[in-house]
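Observations on the model geometry
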Amino acid sequence: MKPTAIDTSRIESMVAQLKATAARAQGSTSVTTSVEASATKLNFADALKASLDQVNASQGRAVEMGQQFALGDDRVSLSDVMIAGQKSSIAFQATVQTRNKLVSAYQDIMNMQI
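Everything quoted here is computed from the prediction, not taken from an experiment. (Residues numbered from 1 in each chain as written. Predicted model: local features only at pLDDT ≥ 70, side-chain atom pairs only at ≥ 80, totals over all residues. Heavy atoms only, no water.)

A word on the side chain of Ser-58. Residue position: Ser-58 is located in helix H3 (residues 44-70). Those residues within four positions of Ser-58 in sequence are excluded, and the remaining contacts are Lys-87 and Ser-88. (Helix = DSSP H or I, 4+ residues; strand = E, 2+ residues; numbered from the N terminus. Contact = heavy atoms within 4.5 Å.)

Taken as a whole, this structure holds two salt bridges when the rule is applied. A salt bridge links Lys-49 to Asp-53; the shortest N-O distance between them is 3.2 Å. Taken together, the positions of Lys-49 and Asp-53, both in helix H3 and four residues apart, correspond to about one turn of that helix. When its relative accessible area of 40% is taken as the criterion, Asp-53 is described as partly exposed. With a shortest N-O distance of 3.0 Å, Asp-73 and Arg-75 are connected by a salt bridge. Take Arg-75: its relative accessible area is 69%, and that puts it in the exposed class. (Salt bridge = Lys/Arg side-chain N within 4 Å of Asp/Glu carboxyl O. Buried < 20%, exposed > 50% of the residue type's maximum accessible area, 1.4 Å probe, protein only.)

Here Gln-68 lies in helix H3. Here Gln-68 falls in the partly exposed class, since its relative accessible area comes to 26%. Distance from Gln-68 to Val-81, taken between C-alpha atoms, is 9.1 Å for residues 13 residues apart in sequence.

All right, on to the side chain of Ser-88 then. Mapping Ser-88 onto the fold places it in helix H4 (residues 78-110). Excluding its chain neighbours within four sequence positions, the residues that come into contact with Ser-88 are Ser-58, Gln-59 and Ala-62.

Structure follows, in structure tokens:
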């Protein structure tokens, strides 16, 4: 199993979004940096799709590793298979919880009195 590198540009983008949101909440108007400007171009649908694609890829890797282990591939150990399975399970559970929160927020908004 080859460890995947963390994409630092996505982390920087998320940090920039958090800083911009915090600045707006405090009412300050600060000059946007290039990182904050690029963060505002990030589309929610694209971020959600990328996240779902990562979860799907994680599950695919876990299944593939399980099949390789079952077929007797010496390059794949049982611990690697179990770790990949747990990682994909945790990622899926986080995705389900995120979906539940989004549905709950949508229902709260739809039930608001106008």
